Amino acid sequence: MNKVIGRNLKALREANKFTQERIADYLGVKRSAYANYESGDREAPIDILEKACDLFGCSLDMLFSEDKQAVNNMLICAFRADGLSDNDMKEIATFKSVVMNYLKMDSLINNG
């Protein structure tokens, strides 16, 4: 399962044009630790995965998906920008988290 999560983390990072170093800094881990998450050699703690999901604008369960179409759908939310500050990264993550929560609530209301 670590390989699936790692592959999806890498796809999301690359779609957003972030370096491993930039994501590692945002997550508060060393680049080597993040590289191990992407390679599947190390299991990422749940809080790190949740923080990554907020930044990438996807739900936690999507990181576990082996469905290539589902992964491609995650990439739609990619945000490409250069020179983002730490605060910019936090703002993007907060915004994407709000959007994801809105979509969940909307789905519950319309399907509930």
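Keep in mind it's a predicted model, so treat the numbers as computed, not measured.

Calculation notes
Residues numbered from 1 in each chain as written. Predicted model: local features only at pLDDT ≥ 70, side-chain atom pairs only at ≥ 80, totals over all residues. Heavy atoms only, no water. Helix = DSSP H or I, 4+ residues; strand = E, 2+ residues; numbered from the N terminus. Buried < 20%, exposed > 50% of the residue type's maximum accessible area, 1.4 Å probe, protein only. Contact = heavy atoms within 4.5 Å. Axes fitted to C-alpha atoms, helices over the stretch in contact; angles between N-to-C directions. Parallel < 35°, antiparallel > 145°, perpendicular 65-115°, else oblique. Core = buried A, V, L, I, M, F, W, Y, C linked by side-chain atoms within 4.5 Å. Left-handed = near helix turned anticlockwise from the far one by under 90°. Nonpolar A, V, L, I, M, F, W, Y, C, P; charged D, E, K, R; others polar. pLDDT = per-residue confidence, 0-100. Polar contact = N/O pair within 3.5 Å; in protein donor to acceptor, adjacent residues only side chain to side chain.

Here the focus is the overall build of the protein chain. A tally of helices and strands in the protein chain yields 7 helices and 0 strands. N-terminal to C-terminal, the α/β element order of the protein chain is α-α-α-α-α-α-α. In the protein chain, which comprises 112 residues, the proportion classed as buried is 39%. Long-range pairs, those at least 24 residues apart, make up 67% of the contacts in the protein chain between residues at least 6 apart in sequence.

Their axes nearest at 8 Å, the elements helix H2 (residues 20-27) and helix H3 (residues 31-39) cross at an angle of 105 degrees. As summarised for this structure, H2 and H3 are arranged roughly perpendicular, according to the angle between their axes. Packed against H2, whose contacting residues are Gln20, Glu21, Ile23, Ala24 and Leu27, the element H3 presents Arg31, Tyr34, Ala35 and Glu38 at the interface.

Here the focus is the environment of valine 29. Relative to the helices and strands, valine 29 resides in the loop between H2 and H3. Overall, valine 29 belongs to the buried group, its relative accessible area being 19%. Taking the C-alpha atoms as reference points, valine 29 and isoleucine 48, 19 residues apart in sequence, are found 8.8 Å from one another. Residues within four places of valine 29 in sequence aside, it is in contact with Ala24, Tyr34, Tyr37 and Ile48.

One recurring pattern in soluble globular proteins: nonpolar side chains tend to sit buried together. By size, the foremost hydrophobic cluster in this structure holds 25 residues, and its most contacted members are Leu9, Tyr34, Leu55 and Phe56. Secondary-structure elements contributing two or more residues to this core are helix H1 (2-15), H2, H3, helix H4 (46-56) and helix H7 (86-111). The element best represented in this core is H4, accounting for 6 residues. For tyrosine 34, the contacting residues outside a window of four places in its chain are Leu9, Arg13, Gln20, Ile23, Ala24, Leu27, Val29 and Phe56.

Where H2 meets H4, the axes come as close as 10 Å, and the angle between the chain directions of the two elements is 115 degrees. When the axes of H2 and H4 are compared, the crossing they make is right-handed. Taking contact as the criterion, the partners of Ile23, Tyr26 and Leu27 in H2 are, on H4, Ile48, Lys51, Ala52, Leu55 and Phe56. Here the residues of the contact of H2 with H4 sort into 7 nonpolar, no polar and 1 charged.

When pLDDT is averaged across the protein chain, the result is 84; 88% of the residues are at 70 or more. The least confident element of the protein chain, judged by mean pLDDT, is helix H6 (residues 68-74) at 70; the most confident is H3 at 97.

Attention shifts here to the side chain of glutamine 20. Along the chain, glutamine 20 falls in helix H2. By relative accessible area, which is 19% here, glutamine 20 ends up buried. Reaching out from glutamine 20, the side chain makes a polar contact with the side chain of arginine 31 at a distance of 2.8 Å. Setting aside its immediate chain neighbours within four residues, glutamine 20 contacts Arg13, Arg31, Tyr34, Ala35 and Glu38.

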